[in-house]
Amino acid sequence: KRAVHDMFRRVFGQNVMNIPIPDVWFERSLGVLHNEEGTFDDTETVHTFQLMAWELHELGFRWELMELDKILVPVVADDPLENSKRQHMLDAVFETKCLLRIQQLPSCNAGLAAEGEQARAPYLEALRLLVCRWPSVPSRIVDSVPFTSMTTTEFRENELELLQFYCQSCWMNAGRAP
């Protein structure tokens, strides 16, 4: 627990344990926490906490992708052009076009989580272009046509291969599944 606390302090530059809990989060009240039994009795509050958990997982995935890219494609820290290129490529993977700042909660599944293949295609293509820079990327990923131009069968096969490569890269470099 202490290590996590120290990591947050280094990242955010302040003691996160002393940050007050807000009354509102994305225009949702956080006032009702639980009843005497320690369970949530307000369905809106339960839904808000589910959204908060989703946001934490989403930000964790984004952070992990950024750190994995830094490990696999190191650049000189003071090279503004390369750092800008990396940031642009990472931003393009997400529908908000902003890697670590979620401006609003999604109202539907979008970006990489979109249900339709055509809706996911530009974000998968951005992810494909990002991982094409990583060592040991399979030639099928590098040489494929853009996701936006694939047939349904090609799309499903390439999406699976891309996600398997991402998961394997995470495992090989972090020692755990993403």
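Look a little higher up for the structure.
So, how was this worked out
Residues numbered from 1 in each chain as written. Predicted model: local features only at pLDDT ≥ 70, side-chain atom pairs only at ≥ 80, totals over all residues. Heavy atoms only, no water. Helix = DSSP H or I, 4+ residues; strand = E, 2+ residues; numbered from the N terminus. Buried < 20%, exposed > 50% of the residue type's maximum accessible area, 1.4 Å probe, protein only. Salt bridge = Lys/Arg side-chain N within 4 Å of Asp/Glu carboxyl O. Expected span 1.5 Å × (residues − 1). Contact = heavy atoms within 4.5 Å. Polar contact = N/O pair within 3.5 Å; in protein donor to acceptor, adjacent residues only side chain to side chain. Axes fitted to C-alpha atoms, helices over the stretch in contact; angles between N-to-C directions. Disulfide = S-S within 2.5 Å. Phe/Tyr/Trp six-rings, centres within 6.5 Å; stacked < 30°, edge-to-face > 60°. Lys NZ or Arg CZ within 6 Å of the ring centre and 35° of its normal. Core = buried A, V, L, I, M, F, W, Y, C linked by side-chain atoms within 4.5 Å.

Caption draft 1: Representation of the environment of Q103 in the model. With respect to the helices and strands, the residue Q103 is situated in the loop between α3 (80–92) and α4 (117–131). Sequence separation between Q103 and F26 is 77 residues; the distance between their C-alpha atoms is 8.6 Å.

Caption draft 2: Spotlight on unusual backbone geometry. Despite not being glycine, S136 has its phi angle at roughly 65°, a positive value. Relative to the helices and strands, S136 is located in the loop between α4 and α5 (139–143). Of the residues examined, S136 reaches a relative accessible area of 70% and is grouped as exposed.

Caption draft 3: A look at the pattern of salt bridges. Summed over all chains, the structure comprises 10 salt bridges. E64 is the salt-bridge partner of R176, the closest N and O atoms lying 2.7 Å from each other. Of this pair, R176 sits in the segment after α6 (152–174) while E64 is found in helix α2 (residues 43–72), placing the two residues 112 residues apart along the sequence. Taking relative accessible area as the criterion, E64 reaches 13% and is therefore assigned buried. The partner of R86 in a salt bridge is D69, and the shortest N-O contact between them spans 2.5 Å.

Caption draft 4: Broad picture of α3. Compared with an ideal rise of 1.5 Å per residue, which puts 13 residues at 18 Å, α3 spans 18 Å between its outermost C-alpha atoms and is within 8% of the ideal. Regarding α3, the residues found buried are R86, M89, L90 and D91. In the core, the buried residues of α3 are packed alongside α2 and α4. N-capping of α3 is provided by D79, with a side-chain oxygen placed 3.2 Å from the backbone N of L81.

Caption draft 5: Broad picture of the packing of α3 against α4. It is the contact of α3 with α4, at a shortest axis distance of 8 Å, that shows an interaxial angle of 145°. Taking contact as the criterion, the partners of M89, L90 and A92 in α3 are, on α4, Y123, A126, L129 and L130.

Caption draft 6: Here's a closer look at the state of the cysteines. Considering all chains together, one arrives at zero disulfides under this definition. No disulfide involves C167; its sulfur sits 7.3 Å from the nearest other cysteine sulfur, which is in C170.

Caption draft 7: Looking closely at the packing of aromatic side chains. Under the definition given, this model contains five aromatic pairs. Judged by centre distance (5.3 Å) and plane angle (80°), the rings of F147 and F155 are edge-to-face. A relative accessible area of 1% means that F155 is categorised as buried. The side chain of R62 reaches across the aromatic face of F94, ending 4.2 Å from its centre.

Caption draft 8: α6, seen in detail. Helix length check: α6 (23 residues) gives 32 Å between terminal C-alpha atoms against 33 Å at 1.5 Å per residue, within 8%. Looking only at α6, the buried set comprises F155, N158, E159, L162, F165, Y166, S169 and C170. Packed against the buried residues of α6 are α2, α4 and α5. After α6 finishes, the residue G175 shows a positive phi value of roughly 75°.

Caption draft 9: Inspection of the environment of D69 at higher detail. Turning to its location among the elements, D69 is positioned in helix α2. Along the chain, D69 and W134 lie 65 residues apart, while their C-alpha atoms are 7.5 Å from each other. With near-sequence residues (within four places) excluded, D69 lies in contact with R86, L130, R133 and W134.

Caption draft 10: Structural context of the nonpolar core. Core analysis: the largest hydrophobic core is formed by 26 residues, its most contacted members being L65, L127, L130, V131, W134, F147 and L162. Going through the elements one at a time, α2, α3, α4 and α6 are the ones with two or more residues in this core. Counting residues per element, this core draws most heavily on α4, which supplies six residues. In contact with V131, not counting residues within four places along its chain, are V137, I141, L162 and F165.

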